[in-house]
Amino acid sequence: MKDKNKKTITVTQPFLPPLAEFIPYLRQIWESKWLTNNGPLHQQLEQELAEYLGVKYISLFSNGTLALISALQALNITGEVITTPFSFVATTHSLWWNKITPVFVDIEPDYLNLDPEKIEAAITPHTTAIMPVHVYGNPCQTEKIQRIADKYGLKVIYDAAHAFGVKKDNTSILNNGDLSVLSFHATKVFSTIEGGAIICHTQEMKHHIDNLKNFGFRGETVVEEPGINAKLNEIQAAYGLLQLKYIDGFIAKRKSITELYRNLLKNIEGISFLHDIDSVTHVYSYFPILIDESKYGMTRDELYEKLKENNIFTRRYFYPLISNFAPYRELPSATPKNLPIANKTSQEVLCLPIFIELELEIVQLIVNLIKQ
Ligand SMILES: Cc1ncc(COP(=O)(O)O)c(C=O)c1O
């Protein structure tokens, strides 16, 4: 029976900066009356983010999904795009909104990202791009993916929604591929409540993307292409500027929670988790565990229900698999036979609560429930 008196613990919880620090920004906005359309705070956030992340050009968006849709537009992607089924559904939806056929390729078992060894077999004369996802912020095998893209003349667009601040050999992984797309949704490590961004390599591409998110306007009277409205407003930009002041502390706290989970969970039969990669600076966006029913003695769903009964609301990211959702399951590449690792992982994965204000005693309590 669910105990109504117990505190509810969700998989994530936003950290709102002190209200007193937000007020001066609001005053500035109220005084300037510049609310949106590339305002001063928007410009400042783009600049500070580019510096913080170690990327050349960044264009802010009203959310990650519109940024993904616009990234495909910016590169004129058509035909078929190779992608992973093990992601949030927006990855594939962005292809569908561009009338592109998604071609699902299986993931590799170590970090659950698109398996580069399986990409070439899925390439057809209609393939124009690859859209991998840095799942949970663990970097894809970017060099292998780029080699394949170069060999076949394909574009690469990374869905980097989970990869804010992730570095490999001290370089931002957002610099890989032609474009990378971030989400700044309230559940993410860095947030503008709703929001997102595209990272690109040249000033020309940034201009193009900036125009695309503003109806395709170039100047006051010229529309060069059918753009969309995907602009981030000044209030959200201010929220982002404040978040950025706290970000290193956020990541350090996430790291300590991750280390505690790993320490407490390490000897439980049938429970495994992902490890850090030496060359990578992680940001600990999620804490997924994998449950091997035959060894653990309980299915993932049984554990999910048990935790729920104790007011611990974990999430099964990513279940169902995108390729098993109604709009996509009839695609030839969606057949489970083509995606054995993704289907298995989707049945075994459970993301445990991780957020700044999660108390270490609650982590202990969650682990105790998993152990029992
Ligand atoms: C992998 C992935 N791609 C895309 C998105 C979409 O981002 P948004 O919610 O900002 O539209 C999300 C998350 O929300 C995500 O997790």
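Everything below is about the structure printed above this text.
Keep in mind it's a predicted model, so treat the numbers as computed, not measured.

Undergrad: Help me get a handle on the overall build of the chain, residues and values and all.
TA: Check the secondary structure of the chain and you find 11 helices and 17 strands. Taken along its principal axes, the extent of the C-alpha atoms in the chain is 65 × 55 × 40 Å. Excluding contacts between residues fewer than 6 apart, the proportion of contacts in the chain whose partners are at least 24 apart in sequence is 70%. Approximately 17000 Å² of the chain is accessible, and the part contributed by carbon and sulfur atoms is 53%.

Undergrad: Lay out the sheet that holds strand β5 (residues 127–131) with the relevant residues and their values.
TA: Taking strand neighbours across the sheet as the criterion, the 7 strands line up as β2-β10-β9-β6-β5-β3-β4 in an open arrangement whose pairing is mixed. Strand pairing shows two members of the sheet lacking a second neighbour, β2 (57–61) and β4 (101–104), which therefore form its edges. Across the sheet, the mean angle separating the axes of adjacent strands is 25° when strand polarity is ignored. In this sheet, strand β9 (residues 179–183) lies alongside strand β6 (residues 155–159) in parallel orientation, the contact comprising 3 bridges. If you follow Ile-157 over to β9, its bridge partner there is Leu-179. Contacting β2, β9 and β10 (196–200), helix α2 (residues 40–53) crosses the sheet at an angle of about 130° to β2.

Undergrad: Let's hear about the site of the ligand: which residues, and what values?
TA: Around the ligand sit 16 residues in total, of which Gly-64, Thr-65, Asp-159, His-162 and Ser-183 are the nearest. For the ligand, a nitrogen atom lies 2.7 Å from a polar atom in the side chain of Asp-159. Taking His-162, its side chain carries an N or O atom lying 2.8 Å from an oxygen atom of the ligand. Notes on the ligand: free accessible area 380 Å², of which the protein chains cover 91%. Going through the elements one at a time, α3 (64–74) and α4 (90–96) are the ones with two or more residues in the shell around the ligand. A per-element tally of the shell around the ligand places α3 first, with 3 residues. Per-class residue counts for the shell around the ligand are 5 nonpolar, 9 polar and 2 charged.

Undergrad: Residue-level account of helix α5 (residues 142–152), with values.
TA: For α5, every residue scored as buried is listed here: Thr-142, Ile-145, Ile-148 and Ala-149. The arc enclosing the buried residues of α5, seen along the axis, measures out at 130°, which places them on a common side. Exposed and oriented more than 90 degrees from the buried face of α5 are Glu-143, Arg-147, Asp-150 and Lys-151. In this fold, the buried residues of α5 make contact with β5 and β6.

Undergrad: Could you give me a rundown of the packing of α3 against helix α6 (residues 203–212), with the residues and numbers involved?
TA: Any two packed helices are characterised by how steeply their axes cross, that is the angle between the axes, and by the distance between the axes. α6 packs onto α3 with a crossing angle of 125° between their chain directions and a minimal axis gap of 10 Å. One element, α3, and the other, α6, form an angle in the oblique class. Crossing handedness for the pair α3 and α6: right-handed. Each of Ser-70, Gln-73 and Ala-74 in α3 lies in contact with α6, whose residues at this interface are Met-205, His-208, Ile-209 and Leu-212. Counted by class, the contact of α3 with α6 contains 4 nonpolar, 3 polar and no charged residues.

Undergrad: Summarise the sheet that holds strand β8 (residues 171–172); cite the residues concerned and give the values.
TA: The strand order β8-β7-β14 describes an open sheet built from 3 strands, whose pairing is antiparallel. With partners counted over all chains shown, the strands left at the sheet margins are β8 and β14 (280–281), one partner each.

Undergrad: Could you give an account of the packing of helix α1 (residues 19–32) against helix α7 (residues 234–265), with specific residues and numbers?
TA: Interaxial distance between α1 and α7 falls to 10 Å at its minimum, and their mutual angle equals 150°. Judged by the angle between their axes, α1 and α7 are roughly antiparallel. Seen from above, α1 lies across α7 with right-handed handedness. Here Glu-21, Phe-22, Tyr-25, Leu-26, Ile-29 and Trp-30 of α1 lie close against α7, whose contacting residues are Glu-234, Ile-235, Ala-238, Tyr-239, Leu-241, Leu-242, Lys-245 and Tyr-246.

Undergrad: Kindly report on the packing of aromatic side chains, identifying the contributing residues and their values.
TA: A ring pair, where both rings are aromatic, is described by two values, the distance of the centres and the angle of the planes. As enumerated under the stated definition, the model contains 19 aromatic pairs in all. A centroid spacing of 5.4 Å and a plane angle of 90° characterise the contact between Phe-86 and Phe-318, whose relative ring orientation is edge-to-face. Here the residue Phe-86 occupies a position in the loop between β3 (80–83) and α4, and Phe-318 occupies one in the loop between β16 (312–313) and α10 (340–348), the gap between them amounting to 232 residues. The exposure classification of Phe-86 matches that of Phe-318, with both residues buried. Arranged with centres 5.6 Å apart and planes meeting at 35°, the rings of Tyr-317 and Phe-318 form a pair that is tilted.

Undergrad: Tell me about the side chain of Gln-236, residues and numbers included.
TA: By the secondary structure assignment, Gln-236 is in helix α7. A polar atom in the side chain of Gln-236 sits 3.1 Å from the backbone oxygen of Thr-192. Discounting residues that sit within four places of it in the chain, Gln-236 has contacts with Thr-192, Ile-193 and Glu-194.

Undergrad: For α7, give the residues involved together with the corresponding values.
TA: In this model, α7 (32 residues) spans 43 Å end to end at C-alpha, consistent with the 46 Å of a helix rising 1.5 Å per residue. Helix geometry: α7 is bent most strongly at Tyr-246, by close to 55°. The N-cap of α7, judged by a side-chain oxygen 3.0 Å from the amide nitrogen of Ile-235 a few residues on, is Asn-233.

Undergrad: Before we move on, could you go through the nonpolar core and cite the residues and values that matter?
TA: Counting 37 residues, the largest nonpolar core has Leu-45, Leu-49, Leu-53, Phe-164 and Leu-182 as its most contacted members. Of all the secondary structure elements, the ones that give two or more residues to this core are α1, α2, β2, β10 and α7. At 9 residues, the largest contribution of residues to this core is made by α7. If sequence neighbours within four positions are ignored, Leu-182 has contacts with Leu-53, Gly-64, Ala-160, Ala-161, Ala-163, Phe-164, Leu-174, Gly-196, Ala-197 and Ile-199. One finds Tyr-261, Leu-264, Leu-303 and Ile-370 within the second-largest nonpolar core, a separate group that totals 27 residues.

Definitions and cut-offs
Residues numbered from 1 in each chain as written. Predicted model: local features only at pLDDT ≥ 70, side-chain atom pairs only at ≥ 80, totals over all residues. Heavy atoms only, no water. Helix = DSSP H or I, 4+ residues; strand = E, 2+ residues; numbered from the N terminus. Contact = heavy atoms within 4.5 Å. Areas by Shrake-Rupley, 256 points an atom, 1.4 Å probe, with all protein chains shown as cover. Pairing = 2+ DSSP bridges. Axes fitted to C-alpha atoms, helices over the stretch in contact; angles between N-to-C directions. Near = heavy atom within 4 Å. Polar contact = N/O pair within 3.5 Å; in protein donor to acceptor, adjacent residues only side chain to side chain. Nonpolar A, V, L, I, M, F, W, Y, C, P; charged D, E, K, R; others polar. Buried < 20%, exposed > 50% of the residue type's maximum accessible area, 1.4 Å probe, protein only. Arc of directions from axis to C-beta. Parallel < 35°, antiparallel > 145°, perpendicular 65-115°, else oblique. Left-handed = near helix turned anticlockwise from the far one by under 90°. Phe/Tyr/Trp six-rings, centres within 6.5 Å; stacked < 30°, edge-to-face > 60°. Expected span 1.5 Å × (residues − 1). Bend = angle between axes of the 7 residues up to and from the residue. Core = buried A, V, L, I, M, F, W, Y, C linked by side-chain atoms within 4.5 Å.

Purely spatial values, then, with no claim about function.
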